[in-house]
Amino acid sequence: MPPRILVPFDGSAPAREALEYAIGLFPDGEFLALTVVDTDSVPLLPNATGDSDPGEEIGDLLEEADDQLQGAERIAAERGVSLEKRSRIGPPAREIIDCAEEHEFDHVVMGSRGRSGVTRLLLGSVAEVVVRHSPVPVTVVR
């Protein structure tokens, strides 16, 4: 049975590099590219003018997530591998960990974004949280 590999994908250069690395590391793997719409990016209350609809904003973010996943699909097609795509809504680290658990992945391969200083100390990074709490091995590509 081929290994099942979860690759969080946000369209960034580190995410593209992680997908390419995963394909090279697991050439016979089954891949899922996951984009997470971060709920923190959607305001809880409409703005002061009342023009903003949070449901509409989430719809826009889901469309953007689908566009990002198109990039993952292109990379997979160039490498001759099949790729499943999925979007989830919520805190990115939690959604990645939940997806790895729920769908019984064997490995997570993800990009790292270099944060430093106080921001990293206070918030950490998505990759760091996933590494600490993932039920399966995680490879972080720099």
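Rules used in this analysis
Residues numbered from 1 in each chain as written. Predicted model: local features only at pLDDT ≥ 70, side-chain atom pairs only at ≥ 80, totals over all residues. Heavy atoms only, no water. Helix = DSSP H or I, 4+ residues; strand = E, 2+ residues; numbered from the N terminus. Contact = heavy atoms within 4.5 Å. Areas by Shrake-Rupley, 256 points an atom, 1.4 Å probe, with all protein chains shown as cover. Pairing = 2+ DSSP bridges. Axes fitted to C-alpha atoms, helices over the stretch in contact; angles between N-to-C directions. Phe/Tyr/Trp six-rings, centres within 6.5 Å; stacked < 30°, edge-to-face > 60°. Lys NZ or Arg CZ within 6 Å of the ring centre and 35° of its normal. Salt bridge = Lys/Arg side-chain N within 4 Å of Asp/Glu carboxyl O. Buried < 20%, exposed > 50% of the residue type's maximum accessible area, 1.4 Å probe, protein only. Right-handed = clockwise from strand over helix to strand, strands pointing away.

Now for the overall build of the protein chain. When helices and strands are tallied, the protein chain shows 5 helices and 5 strands. Its helices and strands in sequence order give the protein chain the pattern β-α-β-α-β-α-β-α-α-β, from N to C terminus. For the protein chain, the proportion of contacts with a sequence separation of at least 24, taken over those separated by at least 6, is 74%. Split by element, the accessible area of the protein chain, about 8,200 Å² in all, is 51% carbon and sulfur.

Attention now moves to the sheet that holds strand 3 (residues 83–89). Spatially, 3-2-1-4-5 is the arrangement adopted by the 5 strands of the open sheet, whose pairing is parallel. Across the chains shown, the open sheet's two edge strands, defined by having one partner strand only, are strand 3 and strand 5 (138–141). Looking at each pair of strands side by side, their axes are set apart by 25° on average, direction ignored. Sheet analysis places strand 4 (residues 107–111) next to strand 5, joined by 4 bridges and oriented parallel.

This part covers the packing of aromatic side chains. Tallied over the entire structure, the rule returns 0 aromatic pairs. It is R4 that lies over the ring of F105; its NZ or CZ is 4.4 Å from the centre.

In total, this model carries 9 salt bridges according to the counting rule given. Among the ionic pairs, K85 bridges to E73, the shortest N-O distance being 3.4 Å. In this pair, K85 sits in strand 3 while E73 sits in helix 2 (residues 54–79), placing the two residues 12 residues apart along the sequence.

Our focus in this paragraph is the pairing of strand 2 (residues 30–37). Taking burial as the measure, the 8 residues of strand 2 include 7 buried ones, the bulk of the element. Across 5 bridges, strand 1 (residues 4–8) lies against strand 2 in parallel orientation. Pairing of P8 across the sheet is with L34, part of strand 2. At this point the chain moves from strand 1, through helix 1 (residues 13–25), to the parallel strand 2, and the crossover so formed is right-handed. Relative to strand 3, strand 2 runs parallel, the two being bridged by 7 bridges. The residue bridging A33 from the neighbouring strand is K85, located in strand 3.

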